[in-house]
Amino acid sequence: MLLFPEGMVRLQGTAQYILELCDGHRTLQEIVAALSERYASSSQKKISEDVLSFLEALQKKRLVDY
Amino acid sequence: MISNPLALIAEVTHRCPLHCVYCSNPLELVSTNAELSSGEWAHVFEEAAQLGVLHLHLTGGEPAARIDLESLILAGHQAGLYTNLITSGIGISVSRLSRIVEAGLDHIQLSFQDSQNRLANWIAGAKAHAHKTSLARAIHTLPVAFTVNLVVHRQNLDHIDEMIEFTQQLEPQRVEIAHAQYYGWALKNRDALLPTSEQLEKCLRAVEKAQQCLAGKMRVDSVVPDYYARYPKACMGGWGQRILLVDPSGHALPCHAAGVIPGLRFDNVREHPLEWIWTKSDAFQKYRGEGWMSETCRNCERRSVDFGGCRCQAFLVTGNASATDPVCSLSPDHGLIQIAQSQAGRESERLPLYYRTQQR
């Protein structure tokens, strides 16, 4: 569950995992590397694109900063 | 089946150094010596968390008027609640701000009355604007989510663009453009505060433009004021469905203004467990479900969307708390709202303003 001012989002699966990786220390590359280990069958490029568009969507709402 | 509440609004005091003419507090304010202690509040926060509450909104009055605000925040945080402080900033110095954030505050919502010093102080009935502005500059350097709350109404909507620009300079993550809602003191001042439809259209355009230009920098949230909406708001997400409010003396209410409805008995957290109050007490049961609804609502397909609107507004405008919220275009009493709309903007500058004051 991601709580923010006046709202909340219930996250599951990969979305939840990505946000758990966003700990304020890991870089984007490190997050992509961690996901690549977990989803070995997907290409690193595809993972990188997906992570970026997910984080961008959250950034637009000011739910993550990077 | 009764759902669990998701948010607790804790009105920790009705004391306030400001006298805002649109204050949502009741006209009869709770006195200081009746306030719950920090220990009592901590117990309420624990009970709320056990009931399933996720968000805690500390509000007032001005919560910083309590010298134990830091321990209230700590108690909310320790109960595992996402803790939000709704404040005017008065009573919070930069050093107290650091202590408040360290106590575990997740989010601070700082209100502004205007972008212009003179107008802001006029609406607040106090010299507050300069302090708010300097506090905002300290907030955005700290690890806490920051929202600026701009309260808008007829007296300031003409320069909404300027107010949004001013807010940008304060660097919050989010701005909430909050139209005054006509309860409590705002209802007393409705003739001076209700915007004209032209102002409202201008505001909608300004908000849309800001949302586009500022995406990723500052989130812009705004809700159409219900007097001008076609259908009523789903007040509190439905009576006794998502939110509960505890007033400074421990009375639990389903809505800020519910105290105006005659014949409702509000049980107190000093005498009953919060869970019993939520699930069983008369006040919370009174407008749950659809049994109480008027013919207009009972036959309307939107009854599960907006729950007939706001019970307090229905009472305040029509005298009947079970009536369809009169802001609804389908309400037989909608003419009462149209009269208020048609009067908006006439002789506004000469109208007297009633400032929020506390009887001692």
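Higher on the page you've got the structure.
Here goes a summary of the coordinates provided. What you see is a predicted model; the values in this text were computed from it and never measured.

1. A closer look at the overall build of chain A
For step 1, the next point in the chain: Scanning chain A from N- to C-terminus turns up 3 helices and 2 strands.
For step 2, the next point in the chain: Helices (α) and strands (β) of chain A occur, in sequence order from the N terminus, as β-β-α-α-α.
For step 3, the next point in the chain: The C-alpha radius of gyration computed for chain A amounts to 12 Å, which stays within 12% of the reference 11 Å derived for 66 residues, consistent with globular compactness.
For step 4, the next point in the chain: Projected onto its principal axes, the C-alpha positions of chain A cover 40 × 20 × 20 Å.
For step 5, the next point in the chain: By residue count, 12% of the 66 residues in chain A fall in the buried class.

2. Quick notes on the overall build of chain B
For step 1, the next point in the chain: Looking only at helices and strands, one finds 15 helices and 9 strands in chain B.
For step 2, the next point in the chain: Against the globule reference of 21 Å for 360 residues, chain B gives a C-alpha radius of gyration of 20 Å, in line with a compact fold.
For step 3, the next point in the chain: At a minimum sequence separation of 6, the contacts of chain B that also span at least 24 residues come to 73%.

3. Regarding the pairing of strand β1 (residues 7–11) of chain B
All names here are of chain B.
For step 1, the next point in the chain: Burial within β1 is extensive, with 5 of its 5 residues counted as buried.
For step 2, the next point in the chain: Burial of β1 is two-sided: the residues A7, I9 and E11 facing one way and the residues L8 and A10 facing the other way are all buried.
For step 3, the next point in the chain: You can see the chain leave β1, run along helix α1 (residues 38–51) and come back into strand β2 (residues 55–59), and the turn it takes is right-handed.
For step 4, the next point in the chain: Relative to strand β8 (residues 243–246), β1 is paired through 4 bridges, and the arrangement is parallel. Across the sheet, residue A10 finds its bridge partner in β8, namely V246.

4. Thoughts on helix α3 (residues 44–60) of chain A
For step 1, the next point in the chain: Here α3(A) spans 24 Å end to end across 17 residues, near enough to the 24 Å set by a 1.5 Å rise per residue.
For step 2, the next point in the chain: R62(A) lies just past α3(A) and shows a positive phi near 60°.

5. Side note on the interface of chain B and chain A
Many structure descriptions define interface size as the accessible area lost when the parts assemble.
For step 1, the next point in the chain: Facing the 12 residues of chain B at the interface are 8 residues of chain A.
For step 2, the next point in the chain: Residue assignment for the side of chain B that touches chain A shows that the elements contributing at least two residues are β3 (82–87) and β5 (145–152) of chain B.
For step 3, the next point in the chain: Class assignment for the residues of the side of chain B that touches chain A results in 4 nonpolar, 6 polar and 2 charged.

6. Quick look at unusual backbone geometry
Residue and element names in this part refer to chain B.
For step 1, the next point in the chain: In the segment running from G60 into G61, the intervening peptide bond is cis, with an omega of 15°.
For step 2, the next point in the chain: If you trace the backbone, G61 turns up in the loop between β2 and α2 (69–78).
For step 3, the next point in the chain: Non-glycine residue M236 carries a positive phi angle of around 55°.
For step 4, the next point in the chain: Within the secondary structure, M236 sits in the loop between β7 (219–222) and β8.
For step 5, the next point in the chain: For M236, a count of 24 C-beta atoms within 10 Å translates into the label buried.

7. Quick look at the nonpolar core
Residues and elements named next belong to chain B.
For step 1, the next point in the chain: Residues L8 and Y22 are the most contacted members of the largest nonpolar core, which totals 108 residues.
For step 2, the next point in the chain: At 6 residues, β5 tops the list of elements feeding residues into this core.
For step 3, the next point in the chain: Apart from residues no more than four positions distant in its own chain, Y22 is found in contact with V151, H153, A180, W185, A186, N189 and L193.

8. Topic: the environment of E62(B)
All names here are of chain B.
For step 1, the next point in the chain: As for its position among the elements, E62 is in the loop between β2 and α2.
For step 2, the next point in the chain: Owing to 23 C-beta atoms within 10 Å, E62 belongs among the buried residues under this scheme.
For step 3, the next point in the chain: The spacing of E62 and V12 is 50 residues in sequence and 8.2 Å in space, taken between C-alpha atoms.
For step 4, the next point in the chain: Non-local contacts of E62, meaning those with residues more than four positions away in its chain, are made with R15, C16, P17, L18, T87, S88, I90 and G91.

9. Looking at the sheet that holds β5(B)
Residues and elements named next belong to chain B.
For step 1, the next point in the chain: Pairing is mixed in the open sheet, where 9 strands are placed in the order β7-β6-β5-β4-β3-β2-β1-β8-β9. The open sheet is flanked by β7 and β9 (252–253), the only strands paired with a single partner.
For step 2, the next point in the chain: Bridge count for strand β4 (residues 107–112) against β5 is 6 bridges, and the pairing is parallel. Pairing of H107 across the sheet is with A145, part of β5.
For step 3, the next point in the chain: Each of β4 and β5 touches helix α5 (residues 129–139); the most contacted strand, β4, lies at about 155° to it.

10. As for the environment of T324(B)
Residue and element names in this part refer to chain B.
For step 1, the next point in the chain: Within the element layout of this structure, T324 appears in the loop between α14 (311–318) and α15 (334–343).
For step 2, the next point in the chain: Take T324: there are 26 C-beta atoms within 10 Å of it, and that puts it in the buried class.
For step 3, the next point in the chain: Taking the C-alpha atoms as reference, T324 lies 5.5 Å from G308; in sequence the two are 16 residues apart.
For step 4, the next point in the chain: In this structure, T324 is in contact with S294, T296, C297, G308, G309, A314, L330 and S331, ignoring residues within four places of it in sequence.

11. A word on the pairing of β4(B)
All names here are of chain B.
For step 1, the next point in the chain: Counting buried positions along β4 yields 6 of 6 residues, so the element is predominantly enclosed.
For step 2, the next point in the chain: Of the two faces of β4, both are covered, the one formed by H107, Q109 and S111 as well as the one formed by I108, L110 and F112.
For step 3, the next point in the chain: Of the pairings in the sheet, the one linking β3 to β4 comprises 4 bridges and is parallel in character. Its bridge partner lying in β4, T87 is registered against L110.
For step 4, the next point in the chain: Traced from β3 through helix α3 (residues 94–102) to β4, the parallel crossover comes out right-handed.

12. Description of the packing of helix α6 (residues 160–170) of chain B against helix α9 (residues 197–213) of chain B
All names here are of chain B.
For step 1, the next point in the chain: With their axes 9 Å apart at the nearest point, α6 and α9 run at an angle of 30° to one another. Put simply, α6 runs roughly parallel to α9. Where α6 crosses over α9, the handedness of that crossing is right-handed. Of the residues in α9, those in contact with I160, D161 and I164 of α6 are K202, C203, A206 and A210.
For step 2, the next point in the chain: Its residues assigned to classes, the contact of α6 with α9 shows 5 nonpolar, no polar and 2 charged.

Rules used in this analysis
- Residues numbered from 1 in each chain as written.
- Chains lettered and ligands numbered in written order.
- Predicted model: local features only at pLDDT ≥ 70, side-chain atom pairs only at ≥ 80, totals over all residues.
- Helix = DSSP H or I, 4+ residues; strand = E, 2+ residues; numbered from the N terminus.
- Rg over C-alpha atoms; globule rule 2.2 N^0.38 Å.
- Buried ≥ 20, exposed ≤ 12 C-beta atoms within 10 Å, placed from the backbone.
- Contact = placed C-beta atoms within 7 Å.
- Right-handed = clockwise from strand over helix to strand, strands pointing away.
- Pairing = 2+ DSSP bridges.
- Expected span 1.5 Å × (residues − 1).
- Nonpolar A, V, L, I, M, F, W, Y, C, P; charged D, E, K, R; others polar.
- Core = buried A, V, L, I, M, F, W, Y, C linked by C-beta atoms within 7 Å.
- Axes fitted to C-alpha atoms, helices over the stretch in contact; angles between N-to-C directions.
- Parallel < 35°, antiparallel > 145°, perpendicular 65-115°, else oblique.
- Left-handed = near helix turned anticlockwise from the far one by under 90°.

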